[in-house]
Amino acid sequence: MQRPVNRIDPAMPVQAYRTFQISSPRDTSVVAACEEVGCPQWRNGWDSVIDESTDLGRAQAGYIRGHSRRTFRETRTDTGLTVFRFESGQRCFAEHRTRPEIYVVRDGDWRGNPTGRRREHSRAADWVEDFGENQLRLVDQQKKG
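Summary of the structure given here. This structure is a prediction, so every number in the text was calculated from the model and none was measured.

When you go through the protein chain residue by residue, the secondary structure sums to four helices and eight strands. For the protein chain, the α and β elements follow one another from N to C terminus as β-β-α-α-β-α-β-β-β-β-β-α. Taking 145 residues into account, the globule formula puts the C-alpha radius of gyration at 15 Å, and the protein chain, at 25 Å, lies well above it. Projecting the C-alpha coordinates of the protein chain onto the three principal axes gives extents of approximately 75 × 40 × 25 Å. Considering the protein chain as a whole, with its 145 residues, one finds that 23% of them fall into the buried category.

Here it is in structure tokens:
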């Protein structure tokens, strides 16, 4: 059962409003960069400990050295394992997924969009900037009376 929505009656006509909305499509995920998802390896760096006495270990070490395109320091443990130390700020080896966000600005409010104008920002930063400019415009209008 959906909870009823309690709204204050608007003081102005629908055309006097703008709606800023962030939504995510249902059941949709996209591959995301480490930085976008707050990956702890990206933030702090990480160690990959590899046993090169096995076929898998030799393949992993070969990939890291020759094809990973990441910056690392290589050391050995007392037990002969290879430790690759990756500094922070670079992509880890995991594939991260996240839900995409849709950043929309449209005329009107919950009662409708009388002009039909709708803008979808491709970046969150652009939506935030648009929102901030709208807030400044409202403050200026309020000061003018």
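Next comes the rest of the account.
To continue, consider the pairing of strand β7 (residues 102-107). Judged from the six bridges that link them, strand β1 (residues 18-23) and β7 form a sheet pairing that is antiparallel. The partner of Arg18 across the bridge, within β7, is Asp107. Alignment of β7 against strand β8 (residues 118-121), held across four bridges, turns out to be antiparallel. Each residue of the ladder has a partner; that of Val105, found in β8, is Arg119.

By size, the foremost hydrophobic cluster in this structure holds nine residues: Cys34, Cys39, Trp46, Ile50, Ala61, Ile64, Phe84, Phe86 and Cys92. When residues of this core are traced back to their parent elements, those giving at least two are β3 (46-50), α3 (55-66) and β5 (82-86). With residues up to four places along the chain from it excluded, the contact list for Phe84 reads Trp46, Asp47, Ser48, Ile50, Ala61, Ile64, Arg65, Phe72, Arg73 and Glu74.

A few words on the pattern of salt bridges. Oppositely charged side chains are able to pair whenever their charged atoms sit close together. Tallied over the entire structure, the rule returns 12 salt bridges. Note that Arg65 and Glu52 form a salt bridge whose closest N and O atoms lie 2.8 Å from each other. Of this pair, Arg65 sits in helix α3 while Glu52 sits in the loop between β3 and α3; the two residues are 13 residues apart in sequence, bridging distant segments of the chain. With a shortest N-O distance of 2.3 Å, Asp55 and Arg58 are connected by a salt bridge. Of this pair, Asp55 and Arg58 are both found in helix α3, three residues apart, which corresponds to roughly one turn of the helix. Taken together, the shared-partner salt bridges connect Glu52, Arg65, Glu74 and Arg76 into one network.

Criteria and cut-off values
Residues numbered from 1 in each chain as written. Predicted model: local features only at pLDDT ≥ 70, side-chain atom pairs only at ≥ 80, totals over all residues. Heavy atoms only, no water. Helix = DSSP H or I, 4+ residues; strand = E, 2+ residues; numbered from the N terminus. Rg over C-alpha atoms; globule rule 2.2 N^0.38 Å. Buried < 20%, exposed > 50% of the residue type's maximum accessible area, 1.4 Å probe, protein only. Pairing = 2+ DSSP bridges. Core = buried A, V, L, I, M, F, W, Y, C linked by side-chain atoms within 4.5 Å. Contact = heavy atoms within 4.5 Å. Salt bridge = Lys/Arg side-chain N within 4 Å of Asp/Glu carboxyl O.

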